[in-house]
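# Fold and contact review
Take a look at the letters that make up each chain.
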Amino acid sequence: MYTPLYVKTNYSLLSSLITIDKLIAYCLENHFTSIAITDNNMFGMMEFYKKCKKNNLKPIIGLELSLENGKVLLYAKDYNGYLTLCKLDTLKSTKTITLDDINTYHDSVIVIVPFKYNELYNELNNINIPDLYIGYSNKQEEKESLLYTKNIVFIKESLYIDTKETEYLKYLLMIRDGKTISDDINYEIDNHSLNITNIYDYTSNENLFTTNKISDMCNLEFPKSELLLPIYKETNGLSSHDYLTELSKFGLQKRLNNKVTNNYVERLNYELSIIKKMGFSNYFLVVYDFIKYAKKNKILVGPGRGSGAGSLVCFCLGITDIDPIKYDLLFERFLNPERVTMPDIDTDFPDIYRDQVINYVVEKYGIKRVSGIVTFGTLAAKQALRDTSRVLNIPNYQIDLVSKQIPNFTKDKLATLYQKNSELKSLIDSDPKLTKMYKIASYIEGFPRHTSSHAAGIIMCSKDLDEVIPLTMSDNMYLSEFTMEYLEELGLLKMDFLGLKTLTTIMNIISDIEKNEQVKINFQDIPLDDTKVLNIFAKADTTGIFQFESEGMKQFLRKLKPNSFEDIFAAIALFRPGPAVNIDSYIRRKHGLEKVTYLDPTLEPILKNTYGIFIYQE
């Protein structure tokens, strides 16, 4: 057995047919003990690493890098090697990698130069890289490689698992390059199968075992992560927690017009003790700072939502404008020492000013210490059909007919829809071109197609992010190359900066009223018991109001006839799967048509406002 060292997955966007799941299944079926991936990025690295570990396969993390005069493959020997790959992968998003770059960053990596770039091997050999090899893919290259060095190893670029997939790769590459079958283009796609039935046709046994030697040298394990929250430094010489305490106490006096009662003092002290214990003081100060910036620059900030609204510290700092004691909101939903998770404060800004606030934190903390989070646009059902039909020169009117048979939001795959929808099946079977198109589209469906940026998520870090994860550049801002689900375990905290069109509208209305009516409205002082506003909800005249626009919600409001702010947020909490079964009972109890009961008398103080009905949604 040997270790394949030059496998590209479909995270080398639109350049390979090998998915990580298929790769691991193939390795298990064929009794491989280790496997490497060498994409031209690190997008799929964490998925690959974790799935290999789960299946007792040894993951080898590689990276293909393009230089001006060739390509090299780099493999992480350990965690330091992984960090080297992160540095180089980040660097390539802003420039072409040079020999000097590799001379600077080659700690704990193995470098393999494909034989076709043997001159590059000689140049790299001159800068004394400790683990440098020439990689060959056939016996002729093996023979010629020995003229340069004894450090040779068998590599063969794999872009699909079995030779029968060759044709699909051609169409995938055409989608990538914007080509069609009418273009005169010849892709070198033969002989890129991972499944080599007689490997000894390509290499001698002796050098085959060098792949295992390289595998033995690569032992990447991630250390236990530390919390990498950004550091707020403007603390007037105090510790971050003492400064947070000072700000919170001052803010509480200001919020309550110096009429602070014991329940507020006790709650504040309790929250501050939990924040200190969990090590999140800096987090609150950082959020406080960019929200203060927004407000100072007359950017409207949402009053607060999500579990962060349950924090009195947030209220005192001006992060939220909701008094959690007034509304009996639970701090433990936000931070709970018995369930250690990262804090999560969602901050809402007008969509036209979101970038301004993000630019503020980038400038303050550093361009490499603030990044967006990568997401992937995929070849979803309709996209796969349209891309494939374009490659095959199928007229738009035909693909429109097919596309109409595909539901917009379906979890069914194209192959399943073909079996379930007789009209679609008949349409596909009626034309050989459509049959071919549907077959190709079904094969590549679900592949990542392009990168995009998470709509809200921003990472902020106490050190340059490429010392933790690989980054890519998009629209003059870095993005993590790892998706959201892998960041927290590496010590990174996602903060949500949401840009809301509704806030922009509200901001414009307030501005227009001040300009035209000479009336200045403070967003935070708008009364919550305005009968005219409540009457809008009672009449269900709520078109254009977020979460109240659906016909089902309007019917609910007409029956409920809300006459308080509490009724309005109770309606939002009830109108969702699960709690919705209590809607009729809630309405009857509100209007005195059903007796209010409690499962236990001790629940009355908690459930009195919701007529004895459990609604866990603050």
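## Some thoughts on the overall build of the chain
Tallying secondary structure elements over the chain gives 24 helices and twelve strands in all. By its C-alpha atoms, the chain is 90 × 70 × 55 Å across when sized along the principal axes. Burial analysis of the chain (618 residues in total) assigns 50% to the buried set. Expressed as a percentage of contacts within the chain between residues at least 6 apart in sequence, the contacts between residues at least 24 apart total 71%. For the chain, the exposed surface amounts to about 30,600 Å²; the carbon and sulfur share of it is 49%. Here the chain contributes 72 positively and 80 negatively charged side chains, and the mean placements of these two sets differ by 4 Å.

## A closer look at the sheet that holds strand S8 (residues 370-378)
The strand order S7-S12-S9-S8-S11-S10 describes an open sheet built from six strands, whose pairing is mixed. Of all strands in the sheet, those bounded by a partner on one side alone are strand S7 (346-350) and strand S10 (471-474). Between one strand axis and the next, the sheet turns through 50 degrees on average, direction left out of account. Sheet topology note: the S8/strand S11 (residues 477-480) ladder contains two bridges and is parallel. Bridging across to S11, Gly-372 finds its partner in Leu-479.

## Looking at the pairing of strand S1 (residues 34-37)
Of the two faces of S1, the one lined by Ser-34 and Ala-36 and the one lined by Ile-35 and Ile-37 are each fully buried. As paired elements, S1 and strand S2 (residues 58-67) share four bridges and run parallel to each other. Each bridged residue has a counterpart across the sheet, and for Ser-34 the counterpart in S2 is Lys-58.

## Let's talk about the pairing of S8
Here S8 runs beside strand S9 (residues 448-460); their pairing, made up of eight bridges, is antiparallel. Residue pairing in the sheet places Val-374 in a bridge with Ser-453 of S9.

## Observations regarding the nonpolar core
Counting residues in each nonpolar core, the largest one holds 68 residues, and the members touching the most others are Leu-23, Val-72, Tyr-82, Leu-124, Ile-469, Phe-482 and Leu-492. If we skip the residues at most four places from it in the chain, Leu-492 touches Leu-228, Met-342, Ile-459, Cys-461, Leu-465, Val-468, Ile-469 and Leu-487. In terms of nonpolar packing, the next biggest core, distinct from the first, is built from 53 residues, Val-287, Leu-317, Val-357 and Phe-497 among them.

## Some thoughts on the packing of aromatic side chains
One pair of aromatic rings is described through two measures. These are the centre distance and the angle between the planes. Scanning all chains against the criterion turns up 28 aromatic pairs. Between Arg-255 and the ring centre of Phe-315, over which it is positioned, the NZ or CZ distance is 4.3 Å.

## What to know about the pattern of salt bridges
In the structure shown here, the tally under the stated rule is 33 salt bridges. Here Arg-588 and Glu-594 are joined by a salt bridge, their closest N and O atoms 2.8 Å apart. You can call Glu-594 partly exposed: its relative accessible area is 22%. For Glu-594, the salt bridge identified is with Arg-589, shortest N-O distance 2.9 Å. When salt bridges that share partners are traced, they join Lys-8, Glu-64, Lys-71 and Glu-157 into one network.

## Comments concerning helix H20 (residues 531-538)
Of the positions making up H20, those classed as buried are Leu-534, Phe-537 and Ala-538. Angular distribution of buried residues about the axis of H20 spans 100 degrees; they occupy a single face of the element. Buried positions along H20 lie against helix H21 (551-560) and helix H22 (565-574). The distance from a side-chain oxygen at the start of H20 to the backbone nitrogen of Lys-532 is 2.9 Å, and the residue carrying that oxygen is Asp-530. Trailing H20 by a residue or two, Ala-540 shows a phi angle of about 60 degrees, which is positive.

## Some words on the packing of helix H14 (residues 381-391) against helix H15 (residues 396-403)
The N-to-C vectors of H14 and H15 enclose an angle of 160 degrees; their axes lie 10 Å apart at closest approach. Looking at the two axes, H14 sits roughly antiparallel to H15. As H14 packs across H15, the resulting crossing turns out to be right-handed. Here H14 contributes Lys-382, Leu-385, Arg-386 and Ser-389 to the contact with H15, which in turn contributes Ile-399, Asp-400, Val-402 and Ser-403. Among the residues forming the contact of H14 with H15, the class breakdown is three nonpolar, two polar and three charged.

## Comments concerning the side chain of Thr-90
Checked against the element boundaries, Thr-90 lands in helix H3 (residues 79-91). Its relative accessible area of 1% is what places Thr-90 among the buried residues.

## Section: unusual backbone geometry
Phi at Ser-108 is positive, roughly 60 degrees, even though this residue is not glycine. Within the element layout of this structure, Ser-108 appears in the loop between helix H4 (99-104) and strand S4 (109-114). Of the residues examined, Ser-108 reaches a relative accessible area of 16% and is grouped as buried. Even without glycine at this site, Asn-191 takes up a positive phi of about 65 degrees.

## Things to note about the sheet that holds S2
The strands making up a sheet are joined through hydrogen bonds of the backbone, oriented either antiparallel or parallel. One open sheet accounts for six strands, arranged S1-S2-S3-S4-S5-S6; its pairing is mixed. One side of each edge strand has no neighbouring strand; the edge strands of this open sheet are S1 and strand S6 (152-154). For this sheet the average axis-to-axis angle between neighbouring strands, irrespective of direction, equals 30 degrees. Relative to S4, strand S3 (residues 70-76) is paired through four bridges, and the arrangement is antiparallel. Paired with Ala-76 across the strands is Val-109, a residue of S4. Here helix H5 (residues 118-125) sits on the sheet and contacts S2, S3, S4 and strand S5 (132-136); the angle it forms with S5, its principal contact strand, is near 170 degrees.

Rules used throughout
- Residues numbered from 1 in each chain as written.
- Predicted model: local features only at pLDDT ≥ 70, side-chain atom pairs only at ≥ 80, totals over all residues.
- Heavy atoms only, no water.
- Helix = DSSP H or I, 4+ residues; strand = E, 2+ residues; numbered from the N terminus.
- Buried < 20%, exposed > 50% of the residue type's maximum accessible area, 1.4 Å probe, protein only.
- Contact = heavy atoms within 4.5 Å.
- Areas by Shrake-Rupley, 256 points an atom, 1.4 Å probe, with all protein chains shown as cover.
- Lys, Arg positive; Asp, Glu negative; His and termini not counted.
- Charge placed at Lys NZ, Arg CZ, Asp CG, Glu CD.
- Pairing = 2+ DSSP bridges.
- Axes fitted to C-alpha atoms, helices over the stretch in contact; angles between N-to-C directions.
- Core = buried A, V, L, I, M, F, W, Y, C linked by side-chain atoms within 4.5 Å.
- Phe/Tyr/Trp six-rings, centres within 6.5 Å; stacked < 30°, edge-to-face > 60°.
- Lys NZ or Arg CZ within 6 Å of the ring centre and 35° of its normal.
- Salt bridge = Lys/Arg side-chain N within 4 Å of Asp/Glu carboxyl O.
- Arc of directions from axis to C-beta.
- Polar contact = N/O pair within 3.5 Å; in protein donor to acceptor, adjacent residues only side chain to side chain.
- Parallel < 35°, antiparallel > 145°, perpendicular 65-115°, else oblique.
- Left-handed = near helix turned anticlockwise from the far one by under 90°.
- Nonpolar A, V, L, I, M, F, W, Y, C, P; charged D, E, K, R; others polar.

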